[in-house]
Structures are given as structure tokens and as C-alpha cells.
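Spelled out from the first residue to the last, the chains are:
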Amino acid sequence: QPHLVESGGGSVRPGGSLRLSCVATGKIRSIYTMGWYRQAPDKERELVATVTEGEKTIYAASVKDRFTIARDENMCDLQMDSLKPEDTAVYYCYADVIYTTVSYLRDDFWGQGTQVTVSS
């Protein structure tokens, strides 16, 4: 099955930047939507930014103009600038994938999550 591999999480001071990367591997035919969600303690998982196969992007209002999502084939990066403490969360890569087992299937896949901590 496809597997999403995340990298780039870490700790940064307010106003700093981080870049998250996600790579989808496996018997992938295509990916319709790929992007990032996040979940802070005691909060529900929320959309951060996604990009479709047609390169249409969606950003959460809370991150618009600070975060930038980019997609290239089976890779999706999230450039996070002007980070705030409220951005602290576990960030999860997401992909809507057409993949091959004995036939073509379409499913949602999630990365294991990478911690982003913004504090002084």
C-alpha cells in the first residue's frame, strides 16, 4: 500500500519558519489531493492546506498568507513562515490516492505525524 513519509518538524521560536515535506511511496497511479492537516492537544484535527491534482489550493484562514503549499508529483511541501505559538500541533500529511493491489483502488492515506512546536 502507499505510505506517506513526513519530515521537517521541529521546534522554532515565534516568527520563525519551518518547512514540512511529505513523500508518497508505493504502487501509486495518481494522487488527487495532497496536503497537510494538524491536531493540537485537546482539539480536533483540522485542515491546514491542500492542493489538488489540478493545483488548486485551499488554506485554513488561520494560516493563509503565512503558509505556502507546493506539490510536485508525489511530494507535498508546506512552507511555514511567521509561525505563532498557536501553530503548535502534530502535523499530518494527507493524500487521496489511486493505487494498485490486484486492481486500482482509491483511499485516503495519512502520515504518522510530525510535531511542530512554536515557543519562546
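Before any of the text, the structure's been laid out above.
A brief structural summary. Everything numeric in this text was worked out from a predicted model, so none of it was measured. (Residues numbered from 1 in each chain as written. Predicted model: local features only at pLDDT ≥ 70, side-chain atom pairs only at ≥ 80, totals over all residues. Heavy atoms only, no water.)

### With respect to the sheet that holds strand β8 (residues 75–80)
For clarity, the threshold we go by: Any two strands between which DSSP finds at least two bridges are classified as paired. Only runs of H or I of at least four residues qualify as helices and only runs of E of at least two qualify as strands under DSSP, and these elements are numbered from the N terminus. Note on geometry: axes are lines fitted to C-alpha atoms, helical ones only across the stretch in contact, with angles between N-to-C directions running from 0 to 180 degrees.
What the four strands build is an open sheet, ordered β1-β3-β8-β7; its pairing is antiparallel. Edge strands, defined here as strands with exactly one partner in the open sheet, are β1 (3–7) and β7 (67–72). On average, each strand axis in the sheet is tilted by 15° relative to the strand beside it, whichever way the strands run. Bridge analysis of β1 against strand β3 (residues 18–25) gives five bridges, and the strand direction is antiparallel. Pairing of V5 across the sheet is with V23, part of β3.

### A closer look at the environment of V5
Note the cut-off: Here a residue-residue contact requires only that any non-hydrogen atoms of the pair lie within 4.5 Å.
With respect to the secondary-structure elements, V5 resides in strand β1. Along the sequence, V5 and C93 sit 88 residues apart, while their C-alpha atoms lie 8.0 Å from each other. In this view, V5 contacts S21, C22 and V23; residues no more than four positions away in its chain are not counted.

### Brief notes about the state of the cysteines
Heads up, the rule is: Throughout, a disulfide means two cysteine sulfur atoms within 2.5 Å of one another.
According to the stated counting rule, one finds one disulfide in the structure shown. The partner cysteine of C22 in its disulfide is C93, sulfur to sulfur 2.0 Å. Here C22 and C93 share a disulfide; its torsion about the S-S bond, -90°, makes the bridge left-handed. With C22 in strand β3 and C93 in strand β9 (residues 89–100), the pair connects residues that are 71 residues apart, well separated along the chain.

### With respect to the side chain of T50
The condition is simple: For every residue, the accessible area (1.4 Å probe, protein chains only) is compared with the maximum for its type, and the residue is labelled buried under 20%, exposed over 50%, or partly exposed between those bounds.
Tracing the chain through its elements places T50 in strand β5 (residues 46–52). Judged by relative accessible area, which is 5%, T50 ranks as buried.

### Topic: the pairing of β3
Relative to β8, β3 is paired through six bridges, and the arrangement is antiparallel. Across the sheet, L18 pairs through a bridge with M80, a residue of β8.

### Quick notes on the packing of aromatic side chains
The following threshold applies: Pairing of aromatic side chains requires ring centres within 6.5 Å, counting the rings of Phe and Tyr and the six-membered ring of Trp. Pairs whose planes differ by under 30 degrees are stacked, by over 60 edge-to-face, and all others tilted.
Counting across every chain of the model gives four aromatic pairs. When the ring of Y37 is compared with that of W110, the centres are 5.0 Å apart and the planes differ by 70°; the resulting orientation is edge-to-face. One end of the pair, Y37, is in strand β4 (residues 28–39); the other, W110, is in strand β10 (residues 104–110), and 73 residues separate them in sequence. According to the relative accessible area criterion, W110 is partly exposed, its value standing at 36%. Summarising the aromatic geometry, the rings of Y99 and F109 are spaced 5.2 Å apart at their centres and angled 80° between planes, so their arrangement reads as edge-to-face. Of this pair, Y99 sits in strand β9 while F109 is found in strand β10, placing the two residues ten residues apart along the sequence. The same class applies to Y99 as to F109, namely buried. Through a chain of ring-to-ring contacts, three or more aromatic side chains come together here, namely Y37, Y94 and W110.

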